[in-house]
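# Commentary on secondary and tertiary structure
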Amino acid sequence: MKVTLRKQLRTRLTLWYVAVLGVILGFYVVLVLSFQYALVTRQIYHDEIQEVVTVEGLLFFDSHGALQLQQNYFSHPRSHLLIDRLMEIRDLSGVVLYRSPTLNGMSLGGPSLPREGGETFNERVVKLADGSHAFVISHIHSMQGRTVLIRLGYSLAAFRERMLQFLGILLIALPVTLLVAGFAGYAIAKRALSPLEQMAAAAEKITATNLNDRLEIENPDDELGHMGRVLNHLLQRLEDSFVQLQRFTADAAHELRTPLASLRTVGEIALRGENTVDVYREAIGSILEESLTVNQTIEGLLLLARAEATQPGRERTSFSLVELTGEVLSVLEVLIEEQQIVVEQGGQKLTSAIVVADRRLVRAAIMNILHNAIKFAPARSTLRIDFTTYETTQRFVQLSIHDRGPGISPSEYEKVFDRFFTSADQEIASKSGSGIGLSVAKLVVERNGGTIFFDPTVSEGARCVVRLPSPDAKSGAGQYA
Amino acid sequence: MPTVQAQLRVLIIEDDKKLANALVAGIEAEGYNVGHAPTAEEGFFQLHSQQPDLLLLDLTLPHRNGLDILRQIRREGIDVRVLILTSHNNVEDRVEGLNAGADDYLGKPFSFPELIARIEALLRRVLPSTASSSLKIGDLILNTRERTASRRGVSFELTAREFDVLLYLAESRGRTVSREMLAKDVWKESSRFTPLDNVIDVQIARLRKKVDDPFEVKLLRTIRGLGFSLREPEA
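We now turn to the structure provided with this report. (Residues numbered from 1 in each chain as written. Chains lettered and ligands numbered in written order. Predicted model: local features only at pLDDT ≥ 70, side-chain atom pairs only at ≥ 80, totals over all residues. Heavy atoms only, no water.)

Right, let's talk about the overall build of chain B for a bit. Helix and strand counts for chain B stand at 8 helices and 11 strands. Every one of the 235 residues in chain B was classed for burial, and the buried ones make up 49%. Taking as baseline every contact in chain B between residues at least 6 positions apart, the subset at least 24 positions apart corresponds to 58%. For chain B, the computed accessible surface area is about 11700 Å², with 50% contributed by carbon and sulfur atoms. (Helix = DSSP H or I, 4+ residues; strand = E, 2+ residues; numbered from the N terminus. Buried < 20%, exposed > 50% of the residue type's maximum accessible area, 1.4 Å probe, protein only. Contact = heavy atoms within 4.5 Å. Areas by Shrake-Rupley, 256 points an atom, 1.4 Å probe, with all protein chains shown as cover.)

With that settled, the discussion passes to the packing of helix H1 (residues 17-29) of chain B against helix H5 (residues 112-124) of chain B. Residue and element names in this part refer to chain B. Following both chains from N to C, one finds H1 and H5 inclined at 60°, their axes separated by 11 Å at the closest point. Considering the angle they form, H1 stands oblique to H5. Judged by the twist between their axes, the crossing of H1 over H5 is right-handed. The residues of H5 that touch H1, namely those facing Leu23, Gly26 and Ile27, are Phe112, Leu115, Ile116 and Ile119. (Axes fitted to C-alpha atoms, helices over the stretch in contact; angles between N-to-C directions. Parallel < 35°, antiparallel > 145°, perpendicular 65-115°, else oblique. Left-handed = near helix turned anticlockwise from the far one by under 90°.)

Membership of the largest hydrophobic core comes to 88 residues, with the highest contact counts inside it found for A:Leu321, A:Val362, A:Leu370, A:Phe454, B:Leu182, B:Trp187 and B:Leu230. When neighbours within four sequence positions are excluded, A:Phe454 is seen to be in contact with A:Ile408, A:Tyr413, A:Val416, A:Phe417, A:Leu438, A:Ala462, A:Arg463 and A:Cys464. Grouped together as the second largest cluster of nonpolar side chains are 25 residues, A:Ile49, A:Met87, A:Ile89 and A:Tyr98 included. (Core = buried A, V, L, I, M, F, W, Y, C linked by side-chain atoms within 4.5 Å.)

With 27 residues of chain A at the interface, the matching set in chain B holds 22 residues. Buried surface at the junction of chain A and chain B, both sides included, amounts to about 2300 Å², of which 55% is carbon and sulfur. Remark: the boundary between chain A and chain B carries 5 salt bridges. Residue B:Arg224 pairs with A:Glu282 through a salt bridge whose shortest N-O separation is 2.2 Å. For the interface between chain A and chain B, the tally reads 6 residue pairs in polar contact (both at pLDDT 80 or more). At the level of elements, helix H4 (277-309), helix H5 (321-331), helix H6 (333-338), helix H7 (359-376) and helix H9 (437-447) of chain A are the ones that each hand at least two residues to the side of chain A that touches chain B. Tallying contributions element by element places H4(A) first for the side of chain A that touches chain B, with 12 residues. (Buried area = accessible area lost by both parts, 1.4 Å probe. Salt bridge = Lys/Arg side-chain N within 4 Å of Asp/Glu carboxyl O. Polar contact = N/O pair within 3.5 Å; in protein donor to acceptor, adjacent residues only side chain to side chain.)

Have a look at this one:
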């Protein structure tokens, strides 16, 4: 299929090229022929006028009153055309006074026209009795007291034959030329497109196992080279995400295997030897708890997949980030109370704290961030929540959550958002949950056009900053409202 | 245990043998008459021959999609309540299942107490709920109208959430309530990926401090791996 398509492109190019060339050549032939015809006709006309003047000098009435042509004229022919000259002379009443022998007694142009030859030469093409055509001019001439009408012409037969021959040659040459041009064009197109073929062949060989292969690019500056580079970038991105996916799958398997291992061990140990009911109860309870952990990890993975599949713009609504945060805080309130954490809020009166995003996903994100902050915050510490706006080319609502916990070591500012990240710090790691909460938050925020990061400038604790796009007139994001 | 007039029949169409066997045993223990069919064809046969009151339907069956079966059941106008059990557990699947004529939908893995609660809710749906404004568990009295609670005449200060949790546990009449049920029904959290377990545990601990700590008889119990129950201890 691909091969025929590719050939079709080449064929199409050639056909177009040949068609255009054919039209241009045809137009050229017509132009040349018409120009030639006009030029030669003009020449004949001029010759005939000269000829009439010459003939007028040679005409005389003999003693019997018959019109004669001085015969010595033929001994000094001025041009070879003179031999072919057709001539007829009439008086004004239409009586034929003289006919050249070349006419073989035929009439040159039939009866006299009114005022013929008086003001103009009345140049015209006439048909003779034998079917041939002649280009004729007429002229009134006065001599020896009498007025005669001279008609003088040349047969066009020879000229027309030449023209036809010429046309014939051109018409034979045209298809030959087109054929040659077509083959040449086809060959050139094939040559020009051959890198494409090579690229296609190379691309066909690339599968998931050799995504690191790249297309060879002969000339990076031409169109095909450009395409090749684009394809190579595409492959690079594919490879990156594929590697990421592989790592993620491995991590996920590991993350699931750990609770499964403890689940299995607990079961096996409980079944070893006779035990009391309480021991079995304890073991089964522990197994169920671990199974819940496994399930939660799976739910987290599914949420990640769902957030990843989120199309920008779908399921977005306008909502107040302040309100959403309040909602999340009220859910987590018992934890805050239990640890006697003081929540300080600033800027929640911000009137424009409206953001445009998928509310459900953002809620899960904020829930994870806040839960994290509360988890790591020491008892009776302060949790600072601030709402501000942030403007670049677009308006954002910025939410920052600053806890007074152990903080994040500078080398881990980025890594904390990795899936299944566990801190190198044992104490922090022991408090960590499934390890995907923050990566879910990051994915959700970024998929909704926002940014999330930990402020590297804080000296105490950790300050998580979330920016989500706010609807403003400029971006027209209000359409989601 | 339900003191049912005639034994209600439950049919399980589920191809996973292990899960099916566990479900049969578990639901029978709750006092129902339980049948099991591993395939859609077998399920249809039993559906016609046994005329169960409730069908537990797995959606991913060999040969035939569970939704097809459900649609056929509704087309044929068979009078049976249908509870879908499936691991396809996103919102769209749920909507599709309910549109096809399911009465309820439970995602795998589910907690067994929740399954039983749903089954009972479905089979009792027609009965009017108790009009009484007070609930009594042992010496604990809940006034649902004034939203107050007391034990032996001593009333406690409860937050709105605490009262909701206590009421939910009381309405479950001694049955075990899982954390997922609390999250869904009391906290109204639809997403399962919310770190609510901590919140629930802390909430229960605080509730226990008020309801149980001052008294000798403990009502609020934690069943490890399952959840919580509110009932009088058996002698």
